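A closer look at the structure
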Amino acid sequence: MENESVVEALDAAERSFERAPANVEDGLDVGDAELVQLRRACRLLAAASRLLDEGYYTVVIESSFVAIERTIQFRLIHDGAMSGSEVVSSHRRLYQRGAEVGLYADSFADELAELWNQNRTKTYYRLGIATEEQAETMRDLAEEMHRHLVDGSRVPHECIC
Ligand SMILES: [Zn+2]
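What this report covers is the structure whose coordinates are included nearby.

What follows covers the overall build of the protein. Along the backbone of the protein there are six helices and zero strands. Reading the protein from its N end, one meets helices and strands in the order α-α-α-α-α-α. Along the longest, intermediate and shortest principal axes, the C-alpha atoms of the protein span 50 × 40 × 30 Å. Looking at the protein as a whole, 29% of its 161 residues are labelled buried. Sequence-distant contacts in the protein: of pairs separated by 6 or more residues, those separated by 24 or more amount to 60%.

Given below as structure tokens:
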């Protein structure tokens, strides 16, 4: 990259991740890996609702998927089915892991994976532009799953959304 201000901006961003944490986000300064995932999901849901009001449907859909995945990760760690440092890079695999420990049925995991594929394919090939209905129903799905999986845990009081 030739542009000096871009290079400087990259340097500054890199340094910020190397420093000891200061001025951390309220609500996310929790020690447990499971609670970090839970609180991230809570924030993504809150953000999705705000962005829905703004009409940013594509970002709402993406945030909703990530909120669902963070919530599943929270339960997998909470239930001892995943370590806090494990990274599952495949969306489908993560949904399957949730089904394997009984968070929901196999068929539900398959439908989630199908939904994710459909959304990605459409966005990638520009075949579809996100609609208000898609954004709203995805946000609702993310909220319902979050509520269900958090209520079924031993720490529902840790939810901040
Ligand atoms: Zn929450």
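Formed by 30 residues in total, the largest nonpolar core has its most connected members in Ala 41, Leu 45, Ala 48, Val 60, Ala 67 and Ala 142. Contributions of two or more residues to this core are made by helix H2 (33-54), helix H3 (57-78), helix H4 (91-100), helix H5 (106-124) and helix H6 (132-151). Top element by residues in this core is H3. It accounts for 10 residues. Dropping the residues within four chain positions of it, Ala 41 is found in contact with Ala 67, Arg 70, Thr 71, Phe 74 and His 146.

H4 packs onto H3 with a crossing angle of 45 degrees between their chain directions and a minimal axis gap of 10 Å. The pairing of H3 with H4 is recorded here as oblique in orientation. Crossing handedness for the pair H3 and H4: left-handed. From H3, Glu 69, Ile 72, Arg 75 and Leu 76 reach across to H4, where they touch His 91, Leu 94, Arg 97 and Gly 98. Looking at the contact of H3 with H4 residue by residue, the classes come out as three nonpolar, two polar and three charged.

At a closest axis distance of 10 Å, the pairing of H2 and H6 adopts a crossing angle of 155 degrees. Classified by the angle their axes make, H2 and H6 are roughly antiparallel. Here H2 runs over H6; the crossing is left-handed. For the pair H2 and H6, the contacting residues are Leu 38, Ala 41, Leu 45, Ala 48, Ser 49 and Leu 52 in the first and Ala 135, Glu 136, Arg 139, Ala 142, Glu 143, His 146 and Val 150 in the second. Residues that form the contact of H2 with H6 fall into these classes: eight nonpolar, two polar and three charged.

About the criteria used
Residues numbered from 1 in each chain as written. Predicted model: local features only at pLDDT ≥ 70, side-chain atom pairs only at ≥ 80, totals over all residues. Helix = DSSP H or I, 4+ residues; strand = E, 2+ residues; numbered from the N terminus. Buried ≥ 20, exposed ≤ 12 C-beta atoms within 10 Å, placed from the backbone. Contact = placed C-beta atoms within 7 Å. Core = buried A, V, L, I, M, F, W, Y, C linked by C-beta atoms within 7 Å. Axes fitted to C-alpha atoms, helices over the stretch in contact; angles between N-to-C directions. Parallel < 35°, antiparallel > 145°, perpendicular 65-115°, else oblique. Left-handed = near helix turned anticlockwise from the far one by under 90°. Nonpolar A, V, L, I, M, F, W, Y, C, P; charged D, E, K, R; others polar.

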